[in-house]
Amino acid sequence: MGNSLKAIAAFVPSNKCQKYLLEDLEEMPVDKMVDLSGRQMRRLPVHICSFRELVKLYLSDNNLNHLPPELEQLQNLQILALDFNNFKALPLVVCTLKQLCILYLGNNKLCSLPLELRLLQNLKTLWIESNCLQDLPEVVCELSLLKTLHAGSNALRTLPPQLQCLQELRTIWLSGNLLSEFPPVLLDMPFLEVIDVDRNSIRFFPSLAHLPGLKLVIYDHNPCRNAPKVAKGVRRVGRWSEETPEPRKRSGAVIEITLDEKPLLPPAAKTEPE
């Protein structure tokens, strides 16, 4: 009987159904977290916005395409997950949540991001993968504390030169885009630690040996004619990656490289702010 009621609630978003689904959320949770993922909701229950001390709000895997203006009351929110929904535009109310550290927007229908996103100056991690972006919105380059950018599985062909202004950026994931050349701006970002350009259309890789912070470069599934040259100790994942990044000795022997660190692959689960 319970499963039947939940099935009905998923398709008839009435107040009564919402109350049934959220009957245990009438008061502020002790852990300051609300997880409403996978509820097939078409709208966020407004009473959630009264939990003004809320720190984490997970709304993943629903049918949301807008958010109530009352969301602005959640000024302590640090993590907001809106991935796997039906957003064609980012609700501007999200840009009023100035304490956000992590914002998940993946697997929606976003073609752009609003200029108001620049107000989120505490943002450290932004997930915009699997959307409809043909260009990386330049407003992203104004998020001065951004450390991690997930922009894979879009239709990006280039990156804006302004990206080099993000001096806190350490990891950038660009797999599954339409890059035909290695983004030149990344060559001017010595602080990058992880670069992922897997599954693009890059035919030639410039040397990355001058990037002192680099730890991992993923370049597999590109029609490349060469592997990117990297400094000693940098992990490469892709064609010819077993070869040394250093020049071969005259004898033809390959210099061995010992890796002390495991590859920094994309996290399987959502991360917490530092």
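None of these values were measured; they are calculated from a predicted model.

Draft legend 1. Inspection of the packing of aromatic side chains at higher detail. Counted by the stated rule, this structure contains three aromatic pairs. Residues Tyr 104 and Trp 127 carry aromatic rings whose centres are separated by 5.3 Å and whose planes lie at 50 degrees to one another, so their mutual orientation is tilted. On the criterion of sequence distance, the pair formed by Tyr 104 in strand β4 (residues 102–104) and Trp 127 in strand β5 (residues 125–127) is long-range, its members being 23 residues apart. Judged by its relative accessible area of 13%, Trp 127 is buried. Put simply, the rings of Phe 182, Phe 205 and Tyr 219 touch in pairs and so form one group of aromatic residues.

Draft legend 2. Broad picture of the pattern of salt bridges. In this structure the tally under the stated criterion is three salt bridges. Residue Arg 118 pairs with Glu 142 through a salt bridge whose shortest N-O separation is 2.8 Å. Placement of Arg 118 in the loop between β4 and β5 and of Glu 142 in the loop between β5 and β6 (148–150) is noted, with a sequence separation of 24 residues between them. When its relative accessible area of 34% is taken as the criterion, Glu 142 is described as partly exposed. Between Glu 193 and Lys 215 there is a salt bridge; the shortest N-O distance is 3.9 Å.

Draft legend 3. Spotlight on empty space enclosed by the protein. On inspection of all chains with the given rule, the structure shows one cavity of 30 Å³ or more. What the largest cavity holds in volume is close to 30 Å³. Residue lining of the largest cavity: Arg 157, Thr 158, Leu 159, Leu 179, Glu 181, Pro 183 and Pro 184, and that is the complete set.

Draft legend 4. Representation of the sheet that holds strand β2 (residues 56–58) within the structure. Reading across from one edge, β1-β2-β3-β4-β5-β6-β7-β8-β9-β10 is the order of the ten strands in this open sheet, with parallel pairing throughout. Because the sheet does not close on itself, it has two edges, and the strands there are β1 (33–35) and β10 (235–237). Neighbour-to-neighbour, the strand axes of this sheet turn through a mean angle of 5 degrees, independent of strand direction. In terms of strand pairing, strand β8 (residues 194–196) meets strand β9 (residues 216–218) through three bridges, oriented parallel. In the strand pairing of β9, Val 194 is matched with Leu 216.

About the cut-offs
Residues numbered from 1 in each chain as written. Predicted model: local features only at pLDDT ≥ 70, side-chain atom pairs only at ≥ 80, totals over all residues. Heavy atoms only, no water. Phe/Tyr/Trp six-rings, centres within 6.5 Å; stacked < 30°, edge-to-face > 60°. Helix = DSSP H or I, 4+ residues; strand = E, 2+ residues; numbered from the N terminus. Buried < 20%, exposed > 50% of the residue type's maximum accessible area, 1.4 Å probe, protein only. Salt bridge = Lys/Arg side-chain N within 4 Å of Asp/Glu carboxyl O. 1 Å grid on protein atoms, 1.4 Å probe; cavity = no way out; pocket = protein on both sides within 12 Å on 5 of 7 lines; lining within 4 Å. Points joined across faces, edges and corners; volume = space filled by probe spheres on them. Pairing = 2+ DSSP bridges. Axes fitted to C-alpha atoms, helices over the stretch in contact; angles between N-to-C directions.

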